[in-house]
Amino acid sequence: MGQTSIRNNIRRLRFEANEMTQAELAEKVGVTRQTLNAIEAAKYSPTLELAFRIAEVFGVPLDEVFQHVGSSDN
Amino acid sequence: MNLLSDMSTTEKNLWAELGVDVVVALYYFPKMFSLIRAGDTALVSVMAGVVVTSIILAIIVGTALAILLRVWREPRLEDERDLRFSARGTLIAYRALAILVALIMGQLVFEGLFPGLRGQLAILTKPLLIAHLLLLSLLLSSAAKSATQLFLYRRAS
């Protein structure tokens, strides 16, 4: 229910980052675990600032974390 | 409980606020409107009792819901999602309040313009009833704010 058009790889990136928990990532980027869970499930689109903070934690470019559905075809 | 762990502290607080609003409104308004309609001469003294009981009821229900929802267990951290949902809730509450106040004003203007048509719904002659209708409007808009936020939280969980 309520899926956004932004997909993400947060789950995979967390797994690759030493199996970082949602709570740990949430604390690093300054949001609640529930908000991070909603972002990961593609039910909430974060602001650009938060999206950059998440990418910074993993040390990857923004487009490796978030993709707009259909944008790769253009 | 899994449902509780899915909720942020802000959302739990909203459930508690909505619960208190609903319980107090269900107690307060039927009592008040029946008193006003009956034209109780000792209305002020009776009203004071109802107001005090409402406050006590709000404290009891608020405490019970806080215990049930375990709101004190986590620090209350507000993030961008809380602020965004709060802004949406405030917008809905503002619109609801504007509509309700416009309806009350419309009724007052109508009764003022056509005194001969005053029927069962006449409120102009009862200032206390007008005050309570405005209070009810405030409460409904507050409930609309909480309900909107809770809807957004549940949809995104």
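Cut-offs applied
Residues numbered from 1 in each chain as written. Chains lettered and ligands numbered in written order. Predicted model: local features only at pLDDT ≥ 70, side-chain atom pairs only at ≥ 80, totals over all residues. Heavy atoms only, no water. Salt bridge = Lys/Arg side-chain N within 4 Å of Asp/Glu carboxyl O. Helix = DSSP H or I, 4+ residues; strand = E, 2+ residues; numbered from the N terminus. Buried < 20%, exposed > 50% of the residue type's maximum accessible area, 1.4 Å probe, protein only. Axes fitted to C-alpha atoms, helices over the stretch in contact; angles between N-to-C directions. Parallel < 35°, antiparallel > 145°, perpendicular 65-115°, else oblique. Left-handed = near helix turned anticlockwise from the far one by under 90°. Nonpolar A, V, L, I, M, F, W, Y, C, P; charged D, E, K, R; others polar.

Student: So what exactly am I meant to see when it comes to the pattern of salt bridges here?
Tutor: Between side chains of opposite charge, a pair can form as their charged atoms come close. Residues and elements named next belong to chain A. Summed over all chains, the structure comprises five salt bridges over all chains. Linking Arg 11 and Glu 40 is a salt bridge whose minimum nitrogen-to-oxygen distance equals 3.8 Å. Of this pair, Arg 11 sits in helix H1 (residues 10-16) while Glu 40 sits in helix H3 (residues 33-40); the two residues are 29 residues apart in sequence, bridging distant segments of the chain. Here Arg 11 falls in the exposed class, since its relative accessible area comes to 60%. Arg 14 is the partner of Glu 40 in a salt bridge, and the nearest nitrogen-oxygen pair spans 2.9 Å. Of this pair, Glu 40 sits in helix H3 while Arg 14 is found in helix H1, placing the two residues 26 residues apart along the sequence.

Student: Would you mind showing me how to read the packing of helix H2 (residues 9-38) of chain B against helix H5 (residues 127-155) of chain B here?
Tutor: A pair of packed helices is characterised by two quantities: the angle between their axes and the separation of those axes. All names here are of chain B. Orientation of H2 relative to H5, taken along the N-to-C sense of each, is 155 degrees, at an axis distance of 10 Å. Taken together, the axes of H2 and H5 lie roughly antiparallel to each other. Pair H2 / H5 crosses with left-handed handedness. Taken together, the residues that form the contact of H2 with H5 break down as 18 nonpolar, five polar and four charged.

These figures come from the coordinates and say nothing about function on their own.
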